[in-house]
Amino acid sequence: FTTAPAGQLAELVSLPAVRAGMSRIVAAGWPATMILLYDEAWAITLHFASLVGALSGNEMSFDMLAWLVAPARGEAGFAPHRDRQPADVRGSFRADGVPKYCTAWVALGDATPDNSCMYLIPRGADPAYDDGDDDSPGDEDPLIHLLRSDRAVQSIRACPLPAGGALIF
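Cut-off values and rules
Residues numbered from 1 in each chain as written. Predicted model: local features only at pLDDT ≥ 70, side-chain atom pairs only at ≥ 80, totals over all residues. Heavy atoms only, no water. Helix = DSSP H or I, 4+ residues; strand = E, 2+ residues; numbered from the N terminus. Rg over C-alpha atoms; globule rule 2.2 N^0.38 Å. Buried < 20%, exposed > 50% of the residue type's maximum accessible area, 1.4 Å probe, protein only. Contact = heavy atoms within 4.5 Å. Areas by Shrake-Rupley, 256 points an atom, 1.4 Å probe, with all protein chains shown as cover. Patch = residues over 30% accessible without salt bridge, like charges linked within 9 Å, V, L, I, M, F, W, Y side chains within 5 Å. Salt bridge = Lys/Arg side-chain N within 4 Å of Asp/Glu carboxyl O. Expected span 1.5 Å × (residues − 1). Arc of directions from axis to C-beta. Pairing = 2+ DSSP bridges. Axes fitted to C-alpha atoms, helices over the stretch in contact; angles between N-to-C directions. Polar contact = N/O pair within 3.5 Å; in protein donor to acceptor, adjacent residues only side chain to side chain.

Chemist: I would appreciate a short explanation of the overall build of the protein chain in the present structure.
Modeler: Along its length, the protein chain carries 6 helices and 5 strands. Taken against the 2.2 N^0.38 rule, which gives 15 Å for 169 residues, the C-alpha radius of gyration of the protein chain at 17 Å falls within 12% of a compact globule. In terms of overall dimensions, the protein chain has a C-alpha envelope of 45 × 35 × 30 Å along the principal axes. Residue burial in the protein chain is summarised as follows: out of 169 residues, 31% are buried. Within the protein chain, residue pairs in contact and separated by at least 24 positions form 74% of the contacts whose partners lie at least 6 positions apart. For the protein chain, the accessible surface area stands at approximately 10400 Å², while carbon and sulfur atoms represent 57% of it.

Chemist: Whenever I open this one, a nonpolar patch on the surface confuses me. Can you help?
Modeler: Residues Leu65, Trp67 and Phe78 make up a contiguous nonpolar surface patch of about 370 Å² in total accessible area. Within the element layout of this structure, phenylalanine 78 appears in the loop between helix H3 (39–56) and strand S2 (104–106). Residue class for phenylalanine 78 comes out exposed when judged on its relative accessible area of 53%.

Chemist: What's the story with helix H2 (residues 15–27) in this structure? I'm lost.
Modeler: Helical geometry note: an α-helix holds 3.6 residues per turn, so side chains three or four residues apart project in the same direction. Compared with the 18 Å implied by 1.5 Å per residue over 13 residues, the 18 Å span of H2 between its first and last C-alpha is a close match. Taken together, the buried positions of H2 are occupied by Leu15, Val18, Gly21, Met22 and Ile25. Down the axis of H2, the buried set is contained in an arc of 120°. They therefore lie on one face. In H2, the exposed positions that point more than 90 degrees away from the buried face belong to Pro16, Arg24 and Ala27. The inward-facing, buried residues of H2 abut helix H1 (7–12) and H3. The first or second residue beyond H2 is glycine 29, which carries a positive phi of 95°.

Chemist: Hey, could you run me through the pattern of salt bridges in this one?
Modeler: Oppositely charged side chains can form a pair if their charged atoms are brought close together. A full pass over the atoms with the stated rule returns 1 salt bridge. As a salt-bridge pair, arginine 73 and glutamate 75 come within 3.2 Å of each other at their nearest N and O atoms.

Chemist: Can you walk me through the sheet that holds S2 in this structure?
Modeler: In any sheet, the strands associate via hydrogen bonds between backbone groups, in a parallel or an antiparallel arrangement. Read across the open sheet, the 3 strands follow the order S1-S5-S2; overall the sheet is antiparallel. Lying at the two open borders of the sheet, with one neighbouring strand each, are strand S1 (2–4) and S2. Within the sheet, the average angular offset between the axes of one strand and its neighbour, ignoring direction, is 25°. As paired strands, S2 and strand S5 (residues 166–168) are joined by 3 bridges and run antiparallel to one another. Across the sheet, residue tryptophan 105 finds its bridge partner in S5, namely leucine 167.

Chemist: Explanation requested: the side chain of threonine 103 in the structure shown.
Modeler: As for its placement among the helices and strands, threonine 103 is situated in the loop between H3 and S2. Overall, threonine 103 belongs to the buried group, its relative accessible area being 19%. The residues touching threonine 103, leaving out its near neighbours within four places in the chain, are Asp83, Leu167, Ile168 and Phe169.

Chemist: Would you mind going over the side chain of serine 92 with me for this structure?
Modeler: Counting through the fold element by element, serine 92 comes out in the loop between H3 and S2. We classify serine 92 as buried; its relative accessible area is 11%. Among the polar contacts made by the side chain of serine 92, one reaches the main-chain carbonyl oxygen of valine 89 at a distance of 2.6 Å.

Chemist: What's the story with H3 in this structure? I'm lost.
Modeler: Under the 1.5 Å per step criterion, the end-to-end length of H3 is 25 Å for 18 residues, consistent within 8% with the ideal 26 Å. Taken together, the buried positions of H3 are occupied by Ala41, Ile44, Thr45, His47, Phe48, Val52 and Ser56. Seen from one end, H3 has its buried residues packed into an arc of 165°, which puts them on one side. Opposite the buried face of H3, at more than 90 degrees from it, the exposed residues are Asp39, Leu46 and Ala54. Positioned one or two residues after H3, glycine 57 has a phi angle of 85°, which is positive.

Chemist: What's the story with the environment of glutamate 11 in this structure? I'm lost.
Modeler: Position of glutamate 11 relative to the elements: it lies in helix H1. The spatial distance from the C-alpha of glutamate 11 to the C-alpha of cysteine 159 is 23 Å, given a sequence separation of 148 residues.

Okay, structure coming up:
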C-alpha cells in the first residue's frame, strides 16, 4: 500500500462542504454513496484515478462507494474483511504479482485510530491474499484463521490520514 498527500485535493474541492453534503444526505435517510450525484465527488475521483493509474497501471473501474462513519453516534467502521475475492484469484494478478485491481480510500476528514482510520495487514503476513479464501462449507474463514496468528496480528498497521489524503491498496 501507499499513501497520497492531502494538499492537492484541498485545492480542488472544499472538503468541509463535501462532508456537510454527506451529512445532509445521510440525515435525509439516503446512503452516503449518493454524494456521487455531485461534481465534487467526481473531482475527487478523477484526481485519485490519475494517481492510481500512474502508480499501478490500473484504470478506474467505477466500483465506487462512500461511507459516513460517525463516532458520535457510536459508529466505529467495519469488521475485518477482504475487499477483493474474485472467483479467479490468481488471475487477478499480473505476471509480476502486481494486482490488477486496487482501492483508493480517501479521507474526507482526519482519519485517526480514535475515529476511523484503516488498518491493513501487509501482503507478506497474509498468505491467503495471493491464494484467495477457500469458502468451502464447514471450513473456517481464512481471515479469521489469519487473525489467530501472532505474526499477522503483530503486522497490522494503522493508517491514519489527514483530510484529503488517500490510502491506495
